[in-house]
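# Structural overview for review
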Amino acid sequence: MVPILIGRIQTRFFLIALVGSLVTLVLVPLLPLSYRDAFVVLLAVAVIGIGWELLYHLLMQFRWEKDWPTLFGLLTGVPEGLLLWFLLKAGAVPLIGAVPPGWAFAVHFGVVWVAVWLAANGPMRVPFLRWRFRGGRLV
Amino acid sequence: MSGELTSRLLESPLWTDAMVHESGIEVRDVPFVTVGGGIGSFVTVDYLRIAGVPTGQIAVLSNIDHPWQTYQYLTRVSQIPVPERIRSDSSSRPDNIWGFPSYALSEAWRERSVRPLLHVLGEPIFADYWTPRAGAVFASLERESARIAYPDMLVKGVVRMVRRRAGGGYFTILTPPAGTTSTKRVAYRSRFVHIAVGYPGLKFLPDLQAFREEHGDFHHVVNAYEPHEHVYESLKTAPGTVMVRGGGIVASRVLQRLMDDREKFGLQTEIEHVFRTFVTGSHGPHRWSRRKGGHGFAYQGFNYPKSVWGGQLKAKMRKLDGEERAAEYRRMGGTNTPKRRRWQQQMQAGRDGGWYRAYRGLVDEVQPGNRLTSIVQRDDGVQRIASDFIIDCTGLEADIADHRLLSDLLTNGGAGRNPLGRLEVERTFEVKGTASGDGALYASGTATLGGYFPGVDTFLGLQVAAQEIADDLARRGWAPRLGPLRSTAQWIRWSLNRPVEGSASWSRS
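The structure contained in this document is the topic of the report that follows. (Residues numbered from 1 in each chain as written. Chains lettered and ligands numbered in written order. Predicted model: local features only at pLDDT ≥ 70, side-chain atom pairs only at ≥ 80, totals over all residues. Heavy atoms only, no water.)

## Observations regarding unusual backbone geometry
Residues and elements named next belong to chain B.
- Cis geometry is adopted by the peptide bond preceding P101, which originates at F100 and carries an omega value of 0°.
- Topologically, P101 is positioned in the loop between α4 (69-77) and α5 (103-111).
- The residue after E123, namely P124, is reached through a cis peptide bond having omega -10°.
- For P124, the position within the fold is in the loop between α6 (115-122) and α7 (134-147).
- In the Ramachandran plot, A149 falls in the positive-phi region, its phi being about 60° despite a non-glycine side chain.
- You can see A149 is positioned in the loop between α7 and α8 (150-153).
- A positive phi angle is found at N497, which is not glycine, with a value near 55°.
- When you line up the elements, N497 lands in the segment after α17 (484-495).
- Judged by its relative accessible area of 39%, N497 is partly exposed. (Helix = DSSP H or I, 4+ residues; strand = E, 2+ residues; numbered from the N terminus. Buried < 20%, exposed > 50% of the residue type's maximum accessible area, 1.4 Å probe, protein only.)

Written as structure tokens, this is what we have:
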């Protein structure tokens, strides 16, 4: 992908809101996790993500092509997931009811991450024809 | 035969309906005319058809039968046969305006293999960029061409000129094949014209041009973009030395062919490779602007840094004019080639074996004789280098004024040049200075290189242009704007290979 900074942030919010929510609606009944807590986690991925995107944007400047390879989009889920987990354990995430078991968090976060990543790498272009030519900007 | 261009028409930059009528030239009315009929015309028409424009509203004026014909010819002679892979990103598909599914996904599906997908996942870190096979590109274009009823819009002939029409719009003068029409010329009267005529022509290196003209030798000194199979055939019958000039993708292709043949047929071919600019490593002004390079080459996956097609560089260039824009083109420009693992291995073997010699040099002249002698200024002085053949891989392009249609636009149509000397276009790809009433004249492709959008002469660049043009036509109230719902519905039709339909909102006649 060849994102610009504002495009990264817009795409993250949009896909977490749409794809992340759909995945969460389906997954929660299968996990020891309340809807409220699951959606707080989603919101945290989006909000903390602004900081991550700033970092990714900075790192991307060292690349001549100013691109963000597909694999990076997948692997960045690891540090993002770990940081969020530590924040949850430290009680630094507001609005959360009960911290979910580690495995449930990992399944929820992991499935949402992969689904969002897959959507961003193809299907997103079908309704939003101009999106890929505008660095990921939707508006 | 009546219907010839009169001197009054030739001399006047603005034509009235009466003037054309007087000449006896047959007039045909179509709202949108695209000139060229190559990939540039095709992707533009594809976009408009998917947006809902009926075939009757579009005419493609072209001297080729299929949009991929010229491209296919150029890839074949420049050593990319049908099974080989071209230099284009997986999601740059001229037969699919969405770029999804990508070529890699289609290939994975067709061959029931996850390998293309794993390759794309690992690129460009763990693998070279995945690129599609030339044959797959042609086959998919053929399918899409039939789906949008492209042949119904195609009119064969040579376009002589486009002139503005008094009252708005344009006249496009077509010379159809002799005997197919009642008049020698036909005038297409349209509100919109799109010009995508491709490369104005090949240009040779000056010393090679001089040699060919002076000695009439078109056998030993060839351009990589013209048929030159005889060079490879000759090397199979007798050992020889080939001088390769240039450091771009075509030089890489030619080297691969020479080295493949050497390996496959046990040949003794020796290669002298002359670079005008010899890149020895990473280069660029600062840490955030540095491109990889080595052994003479500047390395880059595609023709431009990837973000020109949608990211940071696209956004940046869109704001630049004049000298600032030219400077940005210089910063990211320059001849380059992908760093492919196979090519690296072959060249290393050649250097180790002493049969591949690459260096910086400026060639003063080429002299004839039993063998060709190039007088080369090298870092360590002037040298005389002998070879049996010289292959010019520099891919220099002729000036746009060498193309008759473009030259007429510059002289009579109000068009001007951009900081790189080509056609100056707006961000919408309308050619600046050519507006005519409520009509507009657009151009895309290599003739517009140097504009607000850099990657024009590529598959994806042509699609970016097509989108800008289609959106501009929608703003002018002519074509329907392609929104998320119709886009999705049309994508489903594409997937099922169902023909496109006109939009329900199409009410213009």
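## Describing the side chain of E226 of chain B
- Considering the arrangement of structural elements, one finds E226 of chain B in the loop between β11 (221-223) and α10 (229-237).
- There is a polar contact of 2.8 Å between the side chain of E226 of chain B and the side chain of R212 of chain B. (Polar contact = N/O pair within 3.5 Å; in protein donor to acceptor, adjacent residues only side chain to side chain.)

## Quick look at the pattern of salt bridges
- All told, the structure shown has 46 salt bridges over all chains when counted by the stated rule.
- Between E272 of chain B and R357 of chain B there is a salt bridge; the shortest N-O distance is 2.9 Å. Residue E272 of chain B is found in strand β13 (residues 270-275), and its partner R357 of chain B is found in strand β16 (residues 356-360); the two are separated by 85 residues along the sequence.
- Of the residues examined, E272 of chain B reaches a relative accessible area of 9% and is grouped as buried.
- Among the charged side chains, a salt-bridge network with shared partners connects R8, R12, E53 and E80 of chain A. (Salt bridge = Lys/Arg side-chain N within 4 Å of Asp/Glu carboxyl O.)

## Here's the deal with the interface of chain A and chain B
- Contact residues are listed per partner, giving 31 residues for chain A and 42 residues for chain B.
- Each partner contributes to the roughly 3,200 Å² buried at the junction of chain A and chain B, and carbon and sulfur atoms together form 58% of this total.
- Broken down residue by residue, the surface that chain A buries against chain B is led by W64, R130 and F133 of chain A, which jointly contribute 28%.
- One can count one salt bridge joining chain A with chain B. (Contact = heavy atoms within 4.5 Å. Buried area = accessible area lost by both parts, 1.4 Å probe.)

## Notes on the packing of aromatic side chains
- According to the stated counting rule, one finds 21 aromatic pairs over all chains in the structure shown.
- On the numbers, 5.9 Å between centres and 15° between planes, the contact of F32 of chain B with W478 of chain B is stacked. Note that F32 of chain B is positioned in strand β3 (residues 32-36) and W478 of chain B in the loop between α16 (459-475) and α17, a separation of 446 residues in sequence. The pair formed by F32 of chain B and W478 of chain B is uniform in burial state, with each residue classed as buried.
- Through a chain of ring-to-ring contacts, three or more aromatic side chains come together here, namely W52, Y56, W68 and F72 of chain A.
- A cation over an aromatic ring shows up here: R112 of chain B above the ring of W109 of chain B, its NZ or CZ 4.8 Å from the ring centre.
- Against the face of Y232 of chain B rests R257 of chain B, its NZ or CZ located 4.3 Å from the ring centre. (Phe/Tyr/Trp six-rings, centres within 6.5 Å; stacked < 30°, edge-to-face > 60°. Lys NZ or Arg CZ within 6 Å of the ring centre and 35° of its normal.)

Read these as layout, nothing more, since geometry by itself doesn't imply function.
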